[in-house]
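Geometric and topological summary
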Amino acid sequence: MVPLYLRAHSDDNVAIIVDAEGVRAGARDGGGLTVREFIPQAQKVALTSISAGDPLVRYGQTIGYANRVIEPGRWVREEMIDLPAAPSLDDLPLATAVPAPLPPVDGDTFGYTFEGYRNAEGSAGTRNLLGITTTVQCVAPTVEYAVRRIKSEILPRYPNVDDVIAVTHGYGCGVAIDAPDAAIPIRTLRHIARHANFGGESLVVSLGCEKLQPGRLLSPDLPVLEDVIRLQHAHGFAESVAQILRAAERKLEILNRRRREPCPVSQLIVGLQCGGSDAFSGVTCNPAVGRAADLLVRAGATVLFSEVTEVRDAIHLLTPRCINADVARALIREMRWYDQYLARGSADRSANPTPGNKRGGLANIVEKALGSIAKAGSSAICGVVGHGERVQERGLIFAATPASDFICGTEQLASMNLHIFTTGEGSPYGLSMVPVVKISSRTALAEKWHDLIDIDAGRIATGRATIDDVGREIFEFVLDVASGRKKTWAEHWGLGNALVPFNPGPVT
Ligand code: CA
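Thresholds applied
- Residues numbered from 1 in each chain as written.
- Predicted model: local features only at pLDDT ≥ 70, side-chain atom pairs only at ≥ 80, totals over all residues.
- Heavy atoms only, no water.
- Core = buried A, V, L, I, M, F, W, Y, C linked by side-chain atoms within 4.5 Å.
- Buried < 20%, exposed > 50% of the residue type's maximum accessible area, 1.4 Å probe, protein only.
- Domains from an automatic or database assignment.
- Contact = heavy atoms within 4.5 Å.
- Donors = N, O, S within 2.8 Å, 3.2 Å for Na, K, Ca; no water.
- Pairing = 2+ DSSP bridges.
- Helix = DSSP H or I, 4+ residues; strand = E, 2+ residues; numbered from the N terminus.
- Axes fitted to C-alpha atoms, helices over the stretch in contact; angles between N-to-C directions.
- Buried area = accessible area lost by both parts, 1.4 Å probe.
- Salt bridge = Lys/Arg side-chain N within 4 Å of Asp/Glu carboxyl O.
- Polar contact = N/O pair within 3.5 Å; in protein donor to acceptor, adjacent residues only side chain to side chain.
- Nonpolar A, V, L, I, M, F, W, Y, C, P; charged D, E, K, R; others polar.

1. Digging into the nonpolar core
A general tendency of soluble globular proteins is for nonpolar side chains to be buried together. In this structure, Leu56, Leu268, Phe398, Ile420, Ile439 and Ile474 are the most contacted members of the largest nonpolar core, which totals 83 residues. When residues are assigned to domains, this core turns out to be shared by domain 1 (1-84) and domain 3 (267-493), each giving three or more. In contact with phenylalanine 398, not counting residues within four places along its chain, are Phe305, Ser306, Glu307, Val308, Val311, Leu331, Glu334, Met335, Ile381, Gly383, Val384 and Val385. Grouped together as the second largest cluster of nonpolar side chains are 25 residues, Ala146, Ile154, Val205 and Leu252 included.

2. As for the coordination of the calcium ion
Protein ligation of the calcium ion involves Gln273 (OE1), Cys274 (O), Glu307 (OE), Ala403 (O) and Asp405 (OD), the donor distances falling in the range 2.3 to 2.5 Å. Within one chain, the residues serving as donors to the calcium ion are arranged as Q-C-x32-E-x95-A-x1-D. Taking relative accessible area as the criterion, alanine 403 reaches 12% and is therefore assigned buried.

3. Structural notes on the sheet that holds strand β20 (residues 436-440)
Strand order across the open sheet formed by seven strands is β17-β18-β16-β15-β19-β20-β21, with parallel pairing between neighbours. Unpaired on one side and paired on the other, β17 (381-385) and β21 (455-456) mark the two borders of the sheet. In this structure, β17 lies alongside strand β18 (residues 395-399), joined through four bridges in parallel fashion. Bridging from a neighbouring strand, isoleucine 381 pairs with leucine 396 of β18. Contacts from helix α5 (residues 285-298) reach β15 (269-274), β16 (302-305), β18, β19 (418-423) and β20, with the element oriented near 160° to β19. Here helix α12 (residues 467-482) sits on the sheet and contacts β15, β19, β20 and β21; the angle it forms with β19, its principal contact strand, is near 140°.

4. Re the domain arrangement of the chain
Annotation of the chain at the domain level lists domain 1 (1-84), domain 2 (116-255) and domain 3 (267-493). One C-alpha centre belongs to domain 2, the other to domain 3; they are set 28 Å apart. With 18 residues of domain 2 at the contact, the number on the domain 3 side is 24 residues. Carbon and sulfur atoms supply 52% of the area buried between domain 2 and domain 3, which totals about 1,800 Å² over both sides. One can count three salt bridges joining domain 2 with domain 3. For aspartate 181, the salt bridge goes to arginine 344, with nearest N and O atoms at 3.3 Å. On inspection of domain 2 and its partner domain 3, the count reaches eleven residue pairs in polar contact (both at pLDDT 80 or more). No other element matches helix α2 (residues 183-193), which puts five residues into the side of domain 2 that touches domain 3. Residue composition of the side of domain 2 that touches domain 3, grouped by class: six nonpolar, seven polar and five charged.

What follows is the structure, encoded as structure tokens:
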């Protein structure tokens, strides 16, 4: 048997096993490497003789130090690797290797377009949705009840509206609303309430006595009073629901007049993230998404990459790529803020990889981060926004979020109108407000989850497709989905994870 393994960079002294069933002891490749023990798929094999204290190199970078002698052909397990210190934030190169602007796609001077819903304030929707925002968790079940009624009794009369969304969440009361960190969940929810897919029609349901008053949620420009319903002003449950239904119908009449029209790709804001990553993610789905990100940037779109704890250990590779020193300093500011946030909770970056990540061959956060940043492609980093802030710049942007899938997705919703999610172990994740395109790192997952995974990037590992092929496929699929010509599997099944605003502030 000839072992099939993937070496990500010519300097690497470890590689990952590609064979779906793993590789047995005695397997030998043409280069003289003999595998010394059974090694499962996605786990690492030593390519050279490694001494205790030697760096273990993957992606051309040190992912850790060997804490024992490792012979060539041995399985390099997590416990053999000591975690290196995180790169210092004090003397990083700032904007020293800014990539040149990428040429337009295919030399197309007219620019790519997609069929979207234009909004008065300049954004564009990828879907036409009625969003009912809530100020506090107390009203969530009432709004969810009302939304079930709207969908069955009213929505069928408004065929141009795709769906009705209850924007419910766990925030709004029982929190230190004036604490500095409360700004993060509040602005996240403010931007979500005015999402591009809601067509500028704000409908807000409030309880009445909660800390997050409607004026505070929506300030500085509170919409007209009739768009805010306070349940404590209504006489009982039935009247509360009837009020929501009446207001929803008025909004549906307006939204039903919206039509798709050609929009420049500059109105697409695509959020990227990974969840349930494995050792293939960094060589298949994430680089393919990186290639798609480059194409999107070249076509004029904005692309967000996020997940602070999965960027932190690769920060020295990112600050040189920032368009100027101010953007690099903003990137470092977000890393430092998160270091301090973790330290306050007596945690550090080693808290990140999950048991599933480790089963999937990711030994530690350094290896995970090096694979994760491949999603960001190769263009210059043009801007940085803090947690839950809305992006103003175009191009590749770092939008600070935790790595947690549902919190990252919620924060990216402050800006994005389409989401790309890569996965190795698999997650049926979805969002109600935007289409979520799911891409697998391995063909085995795409086959097992044939009705959940939209694109299989595992073909790259076995040589059946190139990173360019899959990147192009993702780019074209994104334009089709944004235009409503295609639906993602998550949309097909109606999968919408809960919104979970990041609240680093105190709960009272
Ligand atoms: Ca994630």
